[in-house]
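Listed below are the residues making up each chain.
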Amino acid sequence: MFNITEPANSFEWVVFLADKYSNMFIQGTILTLYIAVIGTILGFIFGYVVGLIQDIKITKEDNIVKIMGMKLIKGIFRIYVEIFRGTPMIVQAMIVYYGLRQSGVELSSAAAGILVTVLNTGAYMAETVRAGINSVDTGQREGALAMGMSPLKTMFFIVLPQAFRNILPEMANTFLTNLKMTSVLNVIAVQELFMAAKTAGANYYKYYEAYLVIAVIYFVLCFVFGRLFLLIEKKMEGKKDYVLAVEYMEAQ
């Protein structure tokens, strides 16, 4: 396409590698997006569940079975959150992938990468969800309960929609982080963008130029998705130019 057969400088090498290994870079980009999107969505759902369970209040009126069961579940989730927030994702990937294989569970590198992303995302989103739920004014809950809504309906129809709006910026940041952090999954042979650059660079010993190619790709991806999330946030804020129902006020 660019008719460069004998690159003479770094710029020409970047163009040459991008052209020669375009299919590899495209496939790596697709797999990177796939892992980031699926991992973030499933991780967000899992984190939402963990956050909801952690927010459940235990009262003295509850029976002993519920108290002991909730304490056990909360304890397990607390340990899970601390472990995955306190260890690097690259180490998690190695332990999950090779640990499962030693246990007799044959999991592809891409599936293991998604699993690690889900678990890692869930650990961070659990705390974010819990903070988002607590950020909703308690008067909202009290008002819903006073109107006869059950605690479950209050949570799903009153609290969670507002909590979701509050944590959307953090969810966007988590997705962009996952988009970049997929690069560490090359340690378990996931054929994502970083692995594509590593392979292309090794063929000509031009690692610097190969990494420049994926740097541009990562930047474009993050820039586009970052602006998309900003647009979604603005849409969720609603209109700011509300018109008061003056005719109703005058009728009173």
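What counts, and at which threshold
The numbers attached to residues start from 1 for each chain and follow its sequence in the written order. With pLDDT at 70 or above as the cut-off, local features in this predicted model cover only qualifying residues; side-chain atom pairs require 80 or more to be listed or tallied, and sums for whole chains, interfaces and linings still use all residues. Where side-chain values are given, they derive from all heavy atoms of the structure, hydrogens and water being excluded. Secondary structure follows DSSP: runs of H or I at least 4 residues long count as helices, runs of E at least 2 residues long count as strands, and numbering of each begins at the N terminus. Here the globule rule reads 2.2 Å times residues to the power 0.38, and the radius of gyration is calculated from C-alpha atoms. A simple rule labels every residue: compare its accessible area, found with a 1.4 Å probe on the protein chains alone, to the largest value its type can have, and call it buried under 20%, exposed over 50%, or partly exposed in between. Should any heavy atoms of two residues lie within 4.5 Å, those residues are counted as being in contact. Method for areas: the Shrake-Rupley scheme with a 1.4 Å probe, in which residue coverage is limited to the protein chains shown. Ring pairs shown here join Phe, Tyr and Trp side chains whose ring centres sit within 6.5 Å, with only the six-membered ring taken for Trp; geometry is labelled stacked below 30 degrees between planes, edge-to-face above 60, and tilted in between. Each ring is checked for a lysine NZ or an arginine CZ that lies within 6 Å of its centre and within 35 degrees of its normal; such an atom marks a charge sitting over the ring. One fewer than the residue count of a helix, multiplied by 1.5 Å, yields its expected span. Each axis is a line fitted through C-alpha atoms, and for a helix only the stretch in contact is used; angles between axes span 0 to 180 degrees, taken between their N-to-C directions. What sets the label is the angle itself: under 35 degrees gives roughly parallel, over 145 gives roughly antiparallel, 65 to 115 gives roughly perpendicular, and the rest give oblique. Handedness of a crossing follows from how the near helix is turned relative to the far one, being left-handed for an anticlockwise turn of less than a right angle and right-handed for a clockwise one. Throughout, nonpolar core names a set of buried Ala, Val, Leu, Ile, Met, Phe, Trp, Tyr and Cys residues whose side chains join them through atoms within 4.5 Å.

*Asks:* Give a detailed account of the overall build of the chain, specifying residues and quantitative values.
*Replies:* A count of helical and extended segments in the chain gives ten helices and zero strands. The linear arrangement of helices and strands in the chain, starting from the amino end, is α-α-α-α-α-α-α-α-α-α. The C-alpha radius of gyration computed for the chain amounts to 24 Å, which surpasses the reference 18 Å derived for 252 residues by more than 25%, pointing to a less compact arrangement than a globule. If one aligns the C-alpha atoms of the chain with their principal axes, the spans along those axes are about 80 × 60 × 25 Å. For the chain, the proportion of its 252 residues judged to be buried stands at 38%. A fraction of 73% describes how many contacts in the chain between residues 6 or more apart in sequence connect residues 24 or more apart. Carbon together with sulfur atoms contributes 66% to the accessible area of the chain, which is approximately 15200 Å² in total.

*Asks:* How would you sum up the environment of Arg-78? Please name residues and give values.
*Replies:* By secondary structure assignment, the location of Arg-78 is in helix 3 (residues 64-85). With a relative accessible area of 47%, Arg-78 lands in the partly exposed category.

*Asks:* Outline the packing of aromatic side chains, supporting the account with residue identities and numerical values.
*Replies:* The description of an aromatic ring pair rests on the distance of the ring centres and on the angle between the ring planes. One pass over the structure, following the stated rule, counts 13 aromatic pairs. Aromatic pair Phe-194 and Tyr-211: ring centres 5.3 Å apart, planes at 10 degrees, arrangement stacked. Residue Phe-194 is found in helix 8 (residues 193-204), and its partner Tyr-211 is found in helix 9 (residues 207-237); the two are separated by 17 residues along the sequence. Its relative accessible area of 25% is what places Phe-194 among the partly exposed residues. Judged by relative accessible area, Tyr-211 falls into the partly exposed class, the value being 28%. By way of ring pairs, the aromatic residues Phe-46, Phe-77, Tyr-80 and Phe-84 are connected into one cluster. Lys-20 extends its terminal NZ or CZ atom over the ring of Tyr-21, reaching a point 5.9 Å from the ring centre.

*Asks:* Any chance you could break down helix 3 for me, citing the residues and the numbers?
*Replies:* Its 22 residues place the ends of helix 3 31 Å apart at the C-alpha level, agreeing with the 32 Å of an ideal helix rising 1.5 Å per residue. Of the residues making up helix 3, those classed as buried are Ile-67, Met-70, Lys-74, Gly-75, Phe-77, Tyr-80, Val-81 and Phe-84. Buried-residue contacts for helix 3 involve helix 2 (22-55), helix 4 (89-102) and helix 5 (109-135).

*Asks:* Any details on the packing of helix 4 against helix 5? Residues and values, ideally.
*Replies:* Running from N to C, helix 4 and helix 5 point in directions that differ by 130 degrees, and their axes come no closer than 9 Å. The angle between helix 4 and helix 5 falls in the class oblique. Judged by the twist between their axes, the crossing of helix 4 over helix 5 is right-handed. Facing Met-89, Gln-92, Ala-93, Val-96, Tyr-97 and Leu-100 of helix 4, the residues of helix 5 in contact are Ser-109, Ala-112, Leu-115, Val-116, Thr-117 and Asn-120.

*Asks:* So what's going on with the nonpolar core? Which residues, and what values?
*Replies:* Of all hydrophobic cores here, the largest spans 23 residues; its most connected members are Leu-17, Phe-25, Phe-175, Leu-179, Leu-193, Ile-214 and Ile-217. Sorting the residues of this core by element identifies helix 1 (10-20), helix 2, helix 7 (151-181), helix 8 and helix 9 as the ones contributing at least two each. A per-element tally of this core places helix 9 first, with eight residues. Met-89, Val-96, Val-116 and Val-118 belong to the second-largest nonpolar core, a separate cluster that totals 14 residues.

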